[in-house]
Amino acid sequence: RVHKLVLNCCVGESGDRLTRASRVLEQLTGQQPILSKSRLTIRTFGIRRNEKISCHVTVRGDKAEEILERGLKVKEDELRSRNFFDTGNFGF
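How each quantity is defined
Residues numbered from 1 in each chain as written. Predicted model: local features only at pLDDT ≥ 70, side-chain atom pairs only at ≥ 80, totals over all residues. Heavy atoms only, no water. Helix = DSSP H or I, 4+ residues; strand = E, 2+ residues; numbered from the N terminus. Expected span 1.5 Å × (residues − 1). Buried < 20%, exposed > 50% of the residue type's maximum accessible area, 1.4 Å probe, protein only. Arc of directions from axis to C-beta. Contact = heavy atoms within 4.5 Å. Salt bridge = Lys/Arg side-chain N within 4 Å of Asp/Glu carboxyl O.

## Some points on helix 2 (residues 62-74)
Phase 1 of the analysis: Helix length check: helix 2, at 13 residues, gives a terminal C-alpha distance of 19 Å against a target of 18 Å (1.5 Å per residue), a fit within 8%.
Phase 2 of the analysis: Regarding helix 2, the residues found buried are A64, I67, L68 and G71. Taken around the axis of helix 2, the buried residues stretch over an arc of 100°, which confines them to a single face. Opposite the buried face of helix 2, by more than 90 degrees, sit the exposed residues D62, E69 and K73.
Phase 3 of the analysis: Elements in contact with the buried residues of helix 2: strand 1 (4-10), helix 1 (16-29) and strand 3 (52-60).
Phase 4 of the analysis: Positioned one or two residues after helix 2, E76 has a phi angle of 60°, which is positive.

Below you can see the structure in the form of structure tokens.
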């Protein structure tokens, strides 16, 4: 049973790349993504504090299971052991 599925896309900068990532998440889920801001200024990466650098969507219920099945089909239903965490979560 899947309680919730969180799709996260961090591009590290605002602008065109973030808009494209947001559009991809919207096409995948049919929901409007939420834009996340950076907490700190990191000069080496060119990131300023409170700059929008990523987007995410939370999906629950049957739609979450459907999206997860499609994602695993792309990965050919095989994940490495390093993709799993001690808390029961996994990422790919």
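## Digging into the pattern of salt bridges
Phase 1 of the analysis: Per the counting criterion, the structure on display carries 2 salt bridges.
Phase 2 of the analysis: A salt bridge links R17 to E13; the nearest nitrogen and oxygen atoms lie 3.9 Å apart.
Phase 3 of the analysis: Between R20 and D16 there is a salt bridge, with its nearest N and O atoms 3.4 Å apart. Of this pair, R20 and D16 both sit in helix 1, 4 residues apart, which is roughly one turn of the helix.
Phase 4 of the analysis: Overall, the relative accessible area of 52% leaves D16 in the exposed class.

Nothing here speaks to function; it is all geometry.
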